[in-house]
Structures are given as structure tokens and as C-alpha cells.
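Spelled out, the chains give:
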Amino acid sequence: MAGQQSQSIQTLLEAEKEAAKVVQQARQYRVQRLKDARSEAAREIEEYKKSKEAEFKAFEASHAGNTQNAQASVDRETEAKQKEIRVQYESNKDKVVKKLLDRVVLVKPELHRNLEKVEA
């Protein structure tokens, strides 16, 4: 009976060792899966970042041309308006100078409209 008891204990110890090995393997497998998941996530993040960066560069390149075109258009419009203003200035400057001189030189003395007339 003692031999049978000792054999039962030995079987239990072997089963316990086997269970410990299974638990250790499960832990190692879980740790390895976490490491793999982290590296996979980091790789996916890097790929996503690269794709978004490329997308942004393409967007920036497509809109940079529009900015330059818009700037050139605004410059042309500004130059045209400046030319128009110069033409108007040249055509009207003599008239304006004459009007100013007439107002300064030809003074008509008049009583102010708010001044009451005194009867004599």
C-alpha cells in the first residue's frame, strides 16, 4: 500500500510539473503574442503615417500651384488698376489744380449764413 501511495504521489508530482510547464508555455506564448501585436501595431502606425504624409505632400503640391496662379492673377489685376488710376490722374490733374487755384485766388466776401442781418 505504501508503494501504491508513493506511486500516486509521484504521479501527482509529475502531473503538477506537467501543468507548470503548460502554464509556463502559455505565459511565454502570451508574452510573445503581445510583443508581436505591439510590433505589428507600430508597423501599421508607421505605414499609416507614411501614407498620410504622402497624401499631404500631394495635396500641398496641388494647391501650391493654385497659390502661385492666384498670386499672379492678383498681381495682374493690381497692375491694371494702378495703370487706370495713373491715366485718370494724368487726365484730371490740370483740372483739379485749376479748381484749387480758382478757389484760393478768387475770393468772394460774403456774410456767413448764420449771421443775422442787422437792420439799419
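Residues numbered from 1 in each chain as written. Predicted model: local features only at pLDDT ≥ 70, side-chain atom pairs only at ≥ 80, totals over all residues. Heavy atoms only, no water.

Further remarks concern a nonpolar patch on the surface. Taken together, the side chains of V97, L101, V104, V105 and L106 define a hydrophobic patch exposed on the protein surface, amounting to about 510 Å² of accessible area. The residue L101 is located in helix α1 (residues 2–105) in this model. (Patch = residues over 30% accessible without salt bridge, like charges linked within 9 Å, V, L, I, M, F, W, Y side chains within 5 Å. Areas by Shrake-Rupley, 256 points an atom, 1.4 Å probe, with all protein chains shown as cover. Salt bridge = Lys/Arg side-chain N within 4 Å of Asp/Glu carboxyl O. Helix = DSSP H or I, 4+ residues; strand = E, 2+ residues; numbered from the N terminus.)

In the structure shown here, the tally under the stated rule is five salt bridges. A salt bridge links R43 to E40; the shortest N-O distance between them is 2.3 Å. With R43 and E40 both in helix α1, this residue pair falls three residues apart, about one helical turn. With relative accessibility at 33%, the residue E40 sits in the partly exposed group. Among the salt bridges present, the one from R43 reaches E47, with a minimum N-O distance of 2.6 Å. Highlighted residues: R43 and E47, both in helix α1, separated by four residues, approximately one helical turn. With a relative accessible area of 44%, E47 lands in the partly exposed category. (Buried < 20%, exposed > 50% of the residue type's maximum accessible area, 1.4 Å probe, protein only.)

To continue, consider the environment of F56. Along the polypeptide, F56 turns up in helix α1. Along the chain, F56 and I45 lie 11 residues apart, while their C-alpha atoms are 16 Å from each other.

Here we take up the environment of Y29. With respect to the helices, strands and loops of the structure, Y29 is situated in helix α1. The class for Y29 is exposed, based on a relative accessible area of 55%.

Geometric descriptors of this kind do not, in isolation, establish any biological role.
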